[in-house]
Amino acid sequence: MTEAGGETTEAADGRRIAVLGEMLELGDEAVEAHREIGRFAAESGVDLVVAVGGDLAKQLALAAGAAGVPEIALVGDNATAAAYLDSILRPDDVVLVKASRGGQLWQIAQALTGQAVTGL
């Protein structure tokens, strides 16, 4: 959630939106790692977290809200996330899309940018 130089991305006049999916390879550390990412989103000044997935995404969303992210959305799949974002995005919003490769969140970015949505 940071640029190469370590500085967080700035949204000129728009919101900072993080679309975050589940990290699938974490094993026993998974729940706490997802909570940590939710807290990090708050510390980074994210205005809206869209958590995509099941139980782990829910942990991320709950931690983000508890840490101060003003708006939280929890959705079950990429198509729902893309439709939700399409309905709320404003021209100056900055959107980060991040998850494990297995979450295929690139599909959300493809949908939002008018590209054909691809699978694996």
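Nothing here was measured: the structure is a model prediction, and the numbers come from that model. (Residues numbered from 1 in each chain as written. Predicted model: local features only at pLDDT ≥ 70, side-chain atom pairs only at ≥ 80, totals over all residues. Heavy atoms only, no water.)

> A description of the nonpolar core should follow, citing residues and the corresponding values.
Of all hydrophobic cores here, the largest spans 13 residues; its most connected members are V19, V50, V52 and I108. Taken together, the elements giving at least two residues each to this core come down to β1 (16-21), β2 (48-52), β3 (71-75) and α3 (78-88). Contact partners of V50, with chain neighbours within four places excluded, come to I17, A18, V19, L20, A73, V75, A81, Y84 and L85. By size, the runner-up hydrophobic cluster in this structure holds 12 residues, among which are V49, A61, A64 and V69. (Core = buried A, V, L, I, M, F, W, Y, C linked by side-chain atoms within 4.5 Å. Buried < 20%, exposed > 50% of the residue type's maximum accessible area, 1.4 Å probe, protein only. Helix = DSSP H or I, 4+ residues; strand = E, 2+ residues; numbered from the N terminus. Contact = heavy atoms within 4.5 Å.)

> Give a detailed account of the sheet that holds β2, specifying residues and quantitative values.
Across the sheet, 4 strands lie side by side as β3-β2-β1-β4; this open sheet has parallel pairing. At either margin of the open sheet sits one strand with a lone partner, and together these are β3 and β4 (94-98). Averaged over all pairs of adjacent strands, the angle between strand axes in this sheet comes to 15°, irrespective of strand direction. Sheet topology note: the β1/β2 ladder contains 5 bridges and is parallel. If you follow A18 over to β2, its bridge partner there is V49. Along the sheet, helix α2 (residues 55-67) contacts β1, β2 and β3; its crossing angle with β2, the most-contacted strand, is approximately 165°. (Pairing = 2+ DSSP bridges. Axes fitted to C-alpha atoms, helices over the stretch in contact; angles between N-to-C directions.)

> Pulling in residues and values, what's your account of the environment of E25?
As for its placement among the helices and strands, E25 is situated in the loop between β1 and α1 (30-43). With 77 residues separating them in the primary sequence, E25 and G102 have C-alpha atoms 9.4 Å apart. A polar contact is formed between the side chain of E25 and the side chain of S100, at a distance of 2.9 Å. (Polar contact = N/O pair within 3.5 Å; in protein donor to acceptor, adjacent residues only side chain to side chain.)

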